[in-house]
Amino acid sequence: QVQLMESGGGLVQPGGSLRLSCAASGTISTIYNMRWYRQAPGKQRELVATITGGGSTNYADSVKGRFTISTISRDNAKITGNLQMNSLKPEDTAVYYCNADIKSGRLFTEYWGQGTQVTVSS
C-alpha cells in the first residue's frame, strides 16, 4: 500500500517562505513524476510544479522564480519531494496537494496526498 503525506503548511505573512514536503511510503519500485497542485476556495485545482524522476522541472507561470520543487530523495522505504515557496503572496493561499506517478510491484498508479493548507496573510 502506497501513501503520500504532505507537511509544512501553515500561516505566513506576505513575502515570507514555507517549505512543503511530500513523503511517499510503502512498497515503491519507482516514482516517475511528482507534482504539486493547489486549490483555492471557489477555484479549480491548479498544477503548480512538476519534477520527473530524471530531475526535469516545470512550473506554472504564476510561481516561476518564487517556487522550487526539489529532487526526489530516497531514504530506506520513504521517498520525499519538497516544494520551497518564497516571496509568498496572498493569492498563493490554497490547499496544496502532492501527486505522484508510482510503480508498486506490477501496478502503475497515480496517488494523491490529503492536502496541506497554506495561508498567506498579514
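The coordinates are above.
Residue positions are counted from 1 within each chain, in the order its sequence is given. Owing to the predicted nature of the model, reporting of local features is limited to residues with pLDDT of at least 70; listing and counting of side-chain atom pairs is limited to 80 or more, with chain, interface and lining totals taken over all residues. Here the side-chain values reflect all heavy atoms present in the structure, with hydrogen atoms and water set aside.

Caption draft 1: Geometry of the pairing of strand β3 (residues 18-25). Partly exposed describes any residue whose relative accessible area lies between the buried limit of under 20% and the exposed limit of over 50%, with all areas from a 1.4 Å probe on protein chains only and scaled to the type maximum. Secondary structure is summarised from DSSP: a helix means a run of H or I of at least four residues, a strand means a run of E of at least two, and numbering begins at the N terminus for each. Going residue by residue along β3, you find Leu 18, Leu 20, Cys 22 and Ala 24 tucked away on one face and Arg 19, Ser 21, Ala 23 and Ser 25 left uncovered on the opposite face. If DSSP finds at least two bridges between two strands, the strands pair. Relative to strand β9 (residues 78-85), β3 is paired through eight bridges, and the arrangement is antiparallel. Bridged to Ser 21 within β9 is Asn 82.

Caption draft 2: Molecular detail of the nonpolar core. Definition used in this section: a nonpolar core is a set of buried Ala, Val, Leu, Ile, Met, Phe, Trp, Tyr and Cys residues joined via side-chain atoms within 4.5 Å. In terms of nonpolar packing, the biggest core is built from 31 residues, with Leu 83, Met 85, Tyr 96 and Ile 102 touching the most fellow members. Elements with a contribution of two residues or more to this core: β3, β4 (30-39), β5 (46-52), β7 (67-69), β9, β10 (94-104) and β12 (116-120). Ignoring anything within four residues of it in the chain, the contact list for Tyr 96 reads Glu 6, Leu 20, Trp 36, Tyr 37, Arg 38, Val 48, Phe 67, Leu 83, Met 85, Gly 115, Thr 116 and Val 118. Two residues form a contact once any of their heavy atoms are found within 4.5 Å.

Caption draft 3: Geometry of the side chain of Asn 82. Tracing the chain through its elements places Asn 82 in strand β9. The buried category is assigned to Asn 82, whose relative accessible area is 13%. For this analysis, a polar contact is any N or O atom pair within 3.5 Å, provided that within protein one partner can donate a hydrogen and the other can accept it, and provided that sequence-adjacent residues contribute only side-chain to side-chain pairs. Engagement of the side chain of Asn 82 in a polar contact is seen with the side chain of Ser 21, the distance being 2.6 Å.

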